[in-house]
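Letter by letter, the chains look like this.
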Amino acid sequence: MRRLAPAILTLALAACGAGPPAVDAGGRTGGPTGAPPGPSPSPAPIGPSMSCGSVPVTITYVPGGLSRGPRFGRIKSLTRPLEVHGLSWRGAGEELRVGVVCGVHSAERFATLVTRSSLVAHHGKPALHWRTRGDVRNFMWLERPGTAVYVAATPGLARELAEIADGVTP
């Protein structure tokens with residue numbers, strides 16, 4: 001029942017024309033309309049795109065001082081194994097990870113992907129926010145059926161997590 005509650009909440013709020021509380025990747029609530037500010041118009045891609053199928057997800061903002069690190073194909077926090085395509089950046093003891101999680105086709109299934117996470121919204125889409133060992137901030141939203149976007153940052157990059165998430169474009 002505990003895993004079913006977030007899904008029921010998401011569906012009930014969506015049916016009423018509302019969504020989960022608008023919370024940005026840093027855990028802050030949005031502005032007066034309840035929506036966090038969107039990314040600047042047409043940001044330029046800074047790295048390779050990732051995709052689950054034919055529509056790529058592009059990264060348009062990475063904080064300065066970071067260099068490309070290794071790719072990753074697994075997110076330990078997920079409750080079930082799913083296909084993951086991710087890129088990392090590292091520098092000055094900090095790490096940023098951005099990736100796509102393939103195979104999540106519904107809000108109900110998405111809401112159960114990470115135990116001990118908070119169900120929030122990212123630009124009106126279902127999102128999960130949680131922390132892992134080392135106080136790493138993790139944020140993931142269902143971009144479209146079949147594709148969730150994952151962003152994780154170590155504490156030194158936490159203030160920029162919202163800007164990083166806003167810079168990921170479909």
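Residues numbered from 1 in each chain as written. Predicted model: local features only at pLDDT ≥ 70, side-chain atom pairs only at ≥ 80, totals over all residues. Heavy atoms only, no water.

1. Things to note about the sheet that holds strand β9 (residues 147–153)
Logical step 1: Read across the open sheet, the 7 strands follow the order β3-β4-β5-β9-β8-β7-β6; overall the sheet is antiparallel. Of all the strands in the sheet, just β3 (67–68) and β6 (118–122) have a single pairing partner and so form its edges.
Logical step 2: When strand β7 (residues 125–132) meets strand β8 (residues 136–144), the two strands line up antiparallel, connected through 6 bridges. Bridge pairing in β8 places Arg 131 opposite Arg 137. (Pairing = 2+ DSSP bridges. Helix = DSSP H or I, 4+ residues; strand = E, 2+ residues; numbered from the N terminus.)

2. Quick word on the state of the cysteines
Logical step 1: According to the stated counting rule, one finds 1 disulfide in the structure shown.
Logical step 2: Each sulfur of the disulfide joining Cys 52 and Cys 102 lies 1.9 Å from the other. Between Cys 52 and Cys 102, the disulfide has an S-S torsion of -80° and is therefore left-handed. In this pair, Cys 52 sits in the loop between β1 (50–51) and β2 (56–59) while Cys 102 sits in strand β5 (residues 94–102), placing the two residues 50 residues apart along the sequence. (Disulfide = S-S within 2.5 Å.)

3. Overview of the environment of Val 104
Logical step 1: With respect to the secondary-structure elements, Val 104 resides in the loop between β5 and α2 (107–110).
Logical step 2: Using a relative accessible area of 0% as the deciding quantity, one classes Val 104 as buried.
Logical step 3: With 42 residues separating them in the primary sequence, Val 104 and Gly 146 have C-alpha atoms 4.7 Å apart.
Logical step 4: Residues within four places of Val 104 in sequence aside, it is in contact with Leu 82, Arg 109, Phe 110, Leu 113, Leu 142, Arg 144, Pro 145, Gly 146 and Thr 147. (Buried < 20%, exposed > 50% of the residue type's maximum accessible area, 1.4 Å probe, protein only. Contact = heavy atoms within 4.5 Å.)

4. Comments concerning the nonpolar core
Logical step 1: If you look at the biggest cluster of nonpolar residues, it comprises 23 residues, and the most contacted ones within it are Trp 89, Leu 96, Val 98, Trp 141 and Val 151.
Logical step 2: Mapped by element, the contributors of at least two residues to this core are β2, β4 (83–91), β5, β8, β9 and α3 (161–166).
Logical step 3: Looking at which element gives the most residues to this core, the answer is β5, with 4 residues.
Logical step 4: Look past the residues within four positions of Trp 141 in its chain and what remains in contact with it is Phe 110, His 122, Lys 125, Pro 126, Ala 127, Thr 147, Ala 148, Val 149, Val 151, Ala 165 and Val 168.
Logical step 5: One finds Leu 78, Leu 82, Leu 113 and Val 114 within the second-largest nonpolar core, a separate group that totals 19 residues. (Core = buried A, V, L, I, M, F, W, Y, C linked by side-chain atoms within 4.5 Å.)

5. Side note on the pairing of β4
Logical step 1: Pairing between β3 and β4: 2 bridges, direction antiparallel. Pairing of Ser 67 across the sheet is with Arg 90, part of β4.
Logical step 2: As paired strands, β4 and β5 are joined by 9 bridges and run antiparallel to one another. Within β5, the residue paired with Ser 88 across the bridge is Arg 97.
Logical step 3: Linking β4 back to β5 in an antiparallel pair, the connection comprises 2 residues, with Ala 92 at a positive phi of about 50°.

6. Describing the confidence of the model for the chain
Logical step 1: Here the chain averages 80 in pLDDT, and 72% of its residues register 70 or above.
Logical step 2: The spread of mean pLDDT over the elements of the chain runs between helix α1 (residues 4–15), the lowest at 43, and β7, the highest at 97.
Logical step 3: Contacts for the low-pLDDT stretch residues 1–22, under 50 throughout, to residues beyond four places or in other chains number 25 contacts.
Logical step 4: Segment residues 29–43 is flagged for pLDDT under 50; beyond a separation of four residues in sequence, or across chains, it makes 17 contacts in the model. (pLDDT = per-residue confidence, 0-100.)

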